[in-house]
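Now for the letters of each chain:
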Amino acid sequence: MPTPEEFRALLEDDFGVSEWSEKQPPLIEAVDHHRLAEVLKERGYTLYVFVVASHRPGVEGAEDALTAAGYIELATGLRSPTENSQLAIWRVRVGLDEQLATLVDLFAGADWQEREQFDLVGVRFAGHPDPRRLMLPEDWEGHPLRRDYAINTPHPPWR
Amino acid sequence: MSASSAARPSSAAPASAARLGVDPHRDLSDYDPEADLMVLNMGPQHPSTHGVFRLKLHLDGETIVRAVPYVGYLHRGVEKLLEELTFVQATPIVDKNDYVSPMTNEQAINMAFEALLGIEVPRRARYMRTLFAEMQRIASHLLWLSTFGIDMGGALGGGTTLFMHCFREREWILDLFELVTGARFHYNTHTIGGNRHDIPAGWAKQVHTTLDLIASRIDEYLELSTTNSIFVARTRGVGILPKELALELGITGPILRASGVDHDLRRDAPFHAYDEIEVKVQTEPDGDCLSRALVRVREMKESIRLSKLLVDGIPEGPICGARPIKNPTQFKAKEGQAYVALETPRGELGTYVIGGGKNKAASPYRLKIRPPSLHALSALPYLLPGHSISDTVVILGSLDPIMGEADR
């Protein structure tokens, strides 16, 4: 049965996570995203729960190149369907022009969830088998949940 | 990544098709040309789609070879809207997401805000929330059973018999909620730190009377369905969802339990009053439509038992732990993230909230609602191939999707 201690030890030993906080899930390198999901699935986290992307616009004069250019932060959650229902959440950061490896080959549910995050936030997934919008019409321009998308942006006539 | 449906690289598809048995992105160009495939659109306006939902079916005669669901017809941009509103203004908005069980929606979003803001809920409010959630589960499953009766058509006494009966009993529960909150629906009774409306005098007795009456009726409905040979013939062995596929798709709630996974957040990750009472989780091993029906009907009986325990056990005390709300920007979260999940009638309803948004940090920076219905609908491309069009209606009905929640 997976435990929080085991999850913490895995991230510290194999994925170089040193900072832990109550209010922030652990942050790993984007290249390790798929590998961590694979390891967790083998260890019993077989229930795909969610993926959530949030856009962070660029900050002028920031020292870190990613912060200066703006990035998308992506949190993923997996659950173990066992007695303690252990939940594993981790975050990755990807640049606005970069792609992140898809999890569809591990979790079939990632298909629609990643399509939704592409649709609304504009994060791109490499190797996704069906990279279409999910919620909005195919001819919609822009990604509504980005910070630079005003809530009163005019939308095309409803069909 | 292009937005057109024409670009469809087949890199990941064959591997998952070998693992899962069905390829949801199946390429039909090499299908037998003699078969003369036909495309049939079910929806977006169709009485059996339980809302505005479109299903594109590729048919070989009467048999489905590929099903492509289209969602988003009810997309209202709730997540974007909540970024503009403050924490205390969010409750009436999420009422309209899962419009069949608004109580659990309110509870989910307020629990997420409480986790982010670090606010405790008093014991009386925790009991009241749990009681409301259990009663809402009965009402929601009754509505599911009634519409499932219509989906089955003539199998259950002309179809509308069960519909009318279940709607009558559901109305009694809504009457009880009206006595507490003043609203039949869209209650707006949960708030950050507790509840707004206290239980009126004599309400507990009315709950007992109503639940006793509903309990006797549910036995009749269980008998009506499991001993009706047409009902059993149309549901047994139809739309089998294997355990591994259900987990991978993120399917939770009664559908997952009907596939033989003994998992329920009420027991396995208890929230509110569930750590003080014991929930008997209902499971079925087969994963077909009949299993899903049986699990839901038994869950209603279990919810009646839990509701009676809870209404008798409500402790005295305050119903809200936070200061009274004087202005909408009262609660602020400059940073931090929280994910809170709870078991609604349809499964795991999660809310991921990130602090530090507009209105001087009194709004969420980003808020994501994890709808169980959307995950349930994503199983359709795997369930439908091999079945006929008439089975489609039964399979879709057995998933109990609510489009307001799936599309948000």
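Data block above holds the structure.
Counting from 1, residues in each chain are numbered in the order their sequence is written. Here every chain gets a letter starting at A, and every ligand a number starting at 1, in the order they are written. Where local features are concerned, this predicted model is filtered to residues with pLDDT of at least 70; where side-chain atom pairs are given and counted, the filter is 80 or more; whole-chain, interface and lining totals use all residues. Excluding hydrogens and water, the side-chain figures rest on all heavy atoms present in the structure.

A word on the overall build of chain A
Working step 1: Labels follow the DSSP assignment, with helices taken as runs of H or I lasting at least four residues and strands as runs of E lasting at least two, numbered in each case from the N terminus. Each helix and strand counted, chain A has four helices and five strands in total.
Working step 2: Seen through its principal axes, chain A has C-alpha atoms that stretch 50 × 40 × 25 Å.
Working step 3: Residue burial in chain A is summarised as follows: out of 159 residues, 53% are buried.
Working step 4: Taking all contacts inside chain A whose residues are at least 6 apart in sequence as the whole, residues at least 24 apart take part in 56%.
Working step 5: Of the charged side chains in chain A, 16 are positive and 28 negative, and the gap between their average positions amounts to 5 Å. Three exposure classes are used, based on accessible area relative to the maximum for each residue type with a 1.4 Å probe and protein chains only: buried under 20%, partly exposed in between, and exposed over 50%. Contact between two residues is taken to exist if any of their heavy atoms lie within 4.5 Å; hydrogens are not considered. We treat Lys and Arg as the positive residues and Asp and Glu as the negative residues; His and chain ends play no part in the count. A charge is said to be at NZ when it belongs to Lys, at CZ for Arg, at CG for Asp and at CD for Glu.

What to know about the nonpolar core
Taken as a class, soluble globular proteins show a tendency for nonpolar side chains to be buried jointly.
Working step 1: Within the largest apolar cluster, 160 residues are counted, with the highest numbers of intra-cluster contacts made by A:Leu40, B:Val71, B:Phe87, B:Phe113, B:Trp203, B:Leu377 and B:Leu380.
Working step 2: Sort the elements by how many residues they give to this core and helix α5 (residues 123-151) of chain B lands first, with 12 residues. Nonpolar cores were defined as sets of buried Ala, Val, Leu, Ile, Met, Phe, Trp, Tyr and Cys residues, with membership established by side-chain atoms within 4.5 Å.

With respect to the environment of A:Ser80
Working step 1: With respect to the helices and strands, the residue A:Ser80 is situated in the loop between β2 (71-79) and β3 (87-95).
Working step 2: Spatially, the C-alpha atoms of A:Ser80 and A:Arg8 are 15 Å apart, while their sequence positions differ by 72 residues.
Working step 3: Residues in contact with A:Ser80, not counting those within four places in the same chain, are A:Pro2, A:Gly44, A:Tyr45, A:Ser85, A:Gln86 and B:His263.

Some details on the sheet that holds strand β7 (residues 347-354) of chain B
Residues and elements named next belong to chain B.
Working step 1: Whether two strands pair depends on DSSP finding at least two bridges between them. One open sheet accounts for three strands, arranged β6-β7-β8; its pairing is antiparallel. The open sheet has two free edges, formed respectively by β6 (337-344) and β8 (366-370), since each of these has just one partner strand. The mean inter-strand angle of the sheet, taken between neighbouring strand axes irrespective of direction, is 10 degrees.
Working step 2: This element, helix α4 (residues 102-117), spans β6, β7 and β8 of the sheet and lies at about 155 degrees to β6. Interaxial angle, 0 to 180 degrees, is taken between N-to-C directions of lines fitted to C-alpha atoms, where a helix line uses only the stretch in contact.

Side note on the sheet that holds β2(A)
Residues and elements named next belong to chain A.
Working step 1: Ordered in space as β1-β2-β3, the three strands form an open sheet in which the pairing is antiparallel. At either margin of the open sheet sits one strand with a lone partner, and together these are β1 (47-56) and β3. If you compare each strand with its neighbour and ignore which way they point, the axes differ by 15 degrees on average.
Working step 2: Note that β1 and β2 share nine bridges and pair antiparallel. Opposite Val51, over in β2, you have Thr76 as the bridge partner.

A look at the environment of A:Pro2
Residue and element names in this part refer to chain A.
Working step 1: The topology assignment puts Pro2 in the segment before α1 (4-14).
Working step 2: For the pair formed by Pro2 and Asp97, sequence separation is 95 residues and the distance between their alpha carbons is 36 Å.
Working step 3: Not counting chain neighbours up to four residues away, the residues in contact with Pro2 comprise Arg43, Tyr45, Ser80, Thr82, Asn84 and Gln86.

Here we look at the side chain of B:Glu169
Residue and element names in this part refer to chain B.
Working step 1: Relative to the elements of secondary structure, Glu169 occurs in helix α6 (residues 160-181).
Working step 2: Distance and chemistry together define a polar contact, namely a pair of N or O atoms within 3.5 Å, with one atom able to donate a hydrogen and the other to accept it when in protein, and with adjacent residues in sequence counting only for side-chain atoms on both sides. Reaching out from Glu169, the side chain makes a polar contact with the side chain of Arg168 at a distance of 2.9 Å.
Working step 3: Setting aside anything within four residues of it in sequence, one finds Glu169 in contact with Leu142, Ile214, Arg217 and Tyr221.

Considerations on the interface of chain B and chain A
Working step 1: Listed by partner, the interface residues are 57 residues for chain B and 62 residues for chain A.
Working step 2: Salt bridges are counted wherever a side-chain nitrogen of Lys or Arg sits within 4 Å of a carboxyl oxygen of Asp or Glu. Scanning the region where chain B abuts chain A turns up five salt bridges.
Working step 3: Measuring nitrogen to oxygen at the nearest pair gives 2.2 Å for the salt bridge that ties B:Arg408 to A:Glu116.
Working step 4: Here chain B is connected to chain A by 23 residue pairs in polar contact (both at pLDDT 80 or more).
Working step 5: A per-element tally of the side of chain B that touches chain A places helix α2 (residues 78-84) of chain B first, with five residues.
Working step 6: Class assignment of the residues belonging to the side of chain B that touches chain A gives a composition of 29 nonpolar, 14 polar and 14 charged. Amino acids outside the nonpolar list (Ala, Val, Leu, Ile, Met, Phe, Trp, Tyr, Cys, Pro) and the charged list (Asp, Glu, Lys, Arg) are all regarded as polar, and Gly is one of them.

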